[in-house]
Amino acid sequence: MVKSKMTEPVGTPFVKWAGGKRQLLEELVKRVPNSYARYIEPFVGGGALFFALAPKRAILIDLNAELINLYRVVKEQPRELMKEVEKHRNEEEYYYSLRSLDRTAEFAELSEVERASRFLYLNKTGYNGLWRVNSRGENNVPFGRYKNPTIADPVKMTASSTALASSILLCGDFSEVEHAARANDFVYLDPPYHPLSETSGLTGYSSGGFSAEDQIRLRDLALRLTERGVKVMLSNSNTPFILKLYSRFNVDRVNAKRTINCKGAKRGAVSELIIRNY
């Protein structure tokens, strides 16, 4: 049985991620169950809460196949990844050349380590640290023009590999949780947020987006998990739609700092929801 005390993190998030939970981490940790059997997180993204809790048993899931491949390589081949990362150059022409690989047949020939290295490089040198794809699953983030970005820190990467050592990594939709979760497991759900306005949604992490129907499907999953004795915590935007969806749950409003927005004036504290079935 895991006691949910936050200790010194074994590893740290190694990707930048839109909607990442570093700014909300203290509020999330305060609301983690006192004990649980296993930690399960679909929409894993940067994995901030996972690394903060450092659970001994975890299942991490994401629909983004390239992200899950990176997690697997960090877990199993961190030295090979670091060696491959050293080959990259922080140059605009090189960036677009590497980005365009997913439009070619050559992309399918890349090894797992090469794919992971490409993902990490584009994530750390692309504009605003975004990972965004079009409807064909092709990365379309412009060059970030950073002076000296750190692609991967060897010490942190080794620590993150250790943290991931006993984790199960799955590529798939959040519905995979229903097959995996058992009574007394702890599931943290961090979906793409319901937009505050029609133009504010950032849902291009995978090629499918995340609709209102997906939000309803996620709520229905949370209800079914509740019936099975699974402990569920969820983050989302503070909108009437989400409040109505989760009217049967415990809902807390918290303030978080929005860190990814193309307009600096719109970066700041914003009200978000932490939703629990316990």
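Residues numbered from 1 in each chain as written. Predicted model: local features only at pLDDT ≥ 70, side-chain atom pairs only at ≥ 80, totals over all residues. Heavy atoms only, no water.

Novice: I tried to follow the overall build of the chain on my own but got confused; where do I start?
Specialist: Assigned secondary structure in the chain consists of 10 helices and nine strands. Counting over 278 residues, the chain shows a buried share of 52%. Working note: accessible area of the chain is about 13,700 Å², and carbon and sulfur atoms make up 48% of it. (Helix = DSSP H or I, 4+ residues; strand = E, 2+ residues; numbered from the N terminus. Buried < 20%, exposed > 50% of the residue type's maximum accessible area, 1.4 Å probe, protein only. Areas by Shrake-Rupley, 256 points an atom, 1.4 Å probe, with all protein chains shown as cover.)

Novice: Is there a simple way to explain the packing of aromatic side chains in this structure?
Specialist: Scanning the model with the defined rule gives 16 aromatic pairs in all. Pairing Tyr36 with Phe186 gives two aromatic rings, centres 5.3 Å apart and planes at 50°, and the pair type is tilted. Linking Tyr36 in strand E2 (residues 35-36) with Phe186 in strand E6 (residues 186-189), this pair joins segments that are 150 residues apart in sequence. Taken as a pair, Tyr36 and Phe186 share a single burial class, namely buried. (Phe/Tyr/Trp six-rings, centres within 6.5 Å; stacked < 30°, edge-to-face > 60°.)

Novice: What am I meant to see in the pairing of strand E7 (residues 231-237) here?
Specialist: Each regular strand shows side chains that alternate between the opposite faces of the sheet. Counted residue by residue, E7 has seven buried out of seven residues, so it is predominantly covered. Looking at chain direction, E6 and E7 are connected through four bridges and run parallel. Looking across to E7, one finds that Tyr188 is bridged to Met233. Relative to strand E9 (residues 269-276), E7 runs antiparallel, the two sharing five bridges. Within the sheet, the bridge partner assigned to Ser235 lies in E9 and is Ile274. (Pairing = 2+ DSSP bridges.)

Novice: How should I be thinking about the side chain of Glu66 in this particular structure?
Specialist: Mapped onto the fold, Glu66 is located in helix H3 (residues 65-76). Glu66 has contacts with Phe107, Arg115 and Phe119, leaving out every residue within four places of it along the chain. (Contact = heavy atoms within 4.5 Å.)

Novice: When you look at the sheet that holds E7 in this model, what are you seeing that I'm missing?
Specialist: In a beta sheet, neighbouring strands are held together by backbone hydrogen bonds and run either parallel or antiparallel to one another. Sheet architecture is open: seven strands sit in the order E5-E4-E3-E6-E7-E9-E8, paired in mixed fashion. The open sheet is flanked by strand E5 (167-171) and strand E8 (250-257), the only strands paired with a single partner. Strand after strand, the sheet turns through a mean of 20° between neighbouring axes, direction not considered. Both strand E3 (residues 39-41) and E6 contribute to a ladder of two bridges, which runs parallel. The partner of Ile40 across the bridge, within E6, is Val187. Its contacts with the sheet put H3 on strand E4 (58-62) and E5, and the angle it makes with E5 is roughly 155°. (Axes fitted to C-alpha atoms, helices over the stretch in contact; angles between N-to-C directions.)

Novice: Sorry if this is basic, but what is going on with the packing of helix H4 (residues 78-85) against helix H6 (residues 112-125) here?
Specialist: Two measures define how a pair of helices packs: the angle their axes make with one another and the distance between the axes. Contact geometry for H4 and H6: axes closest at 9 Å, N-to-C directions at 60°. If you check the angle between H4 and H6, you find them oblique. Between H4 and H6 lies a crossing of right-handed hand. Here Glu80, Leu81, Glu84 and Val85 of H4 come into contact with H6, specifically with Val113, Glu114, Ala116, Ser117 and Leu120. (Parallel < 35°, antiparallel > 145°, perpendicular 65-115°, else oblique. Left-handed = near helix turned anticlockwise from the far one by under 90°.)

Interpretation in functional terms is not warranted from these geometric data alone.
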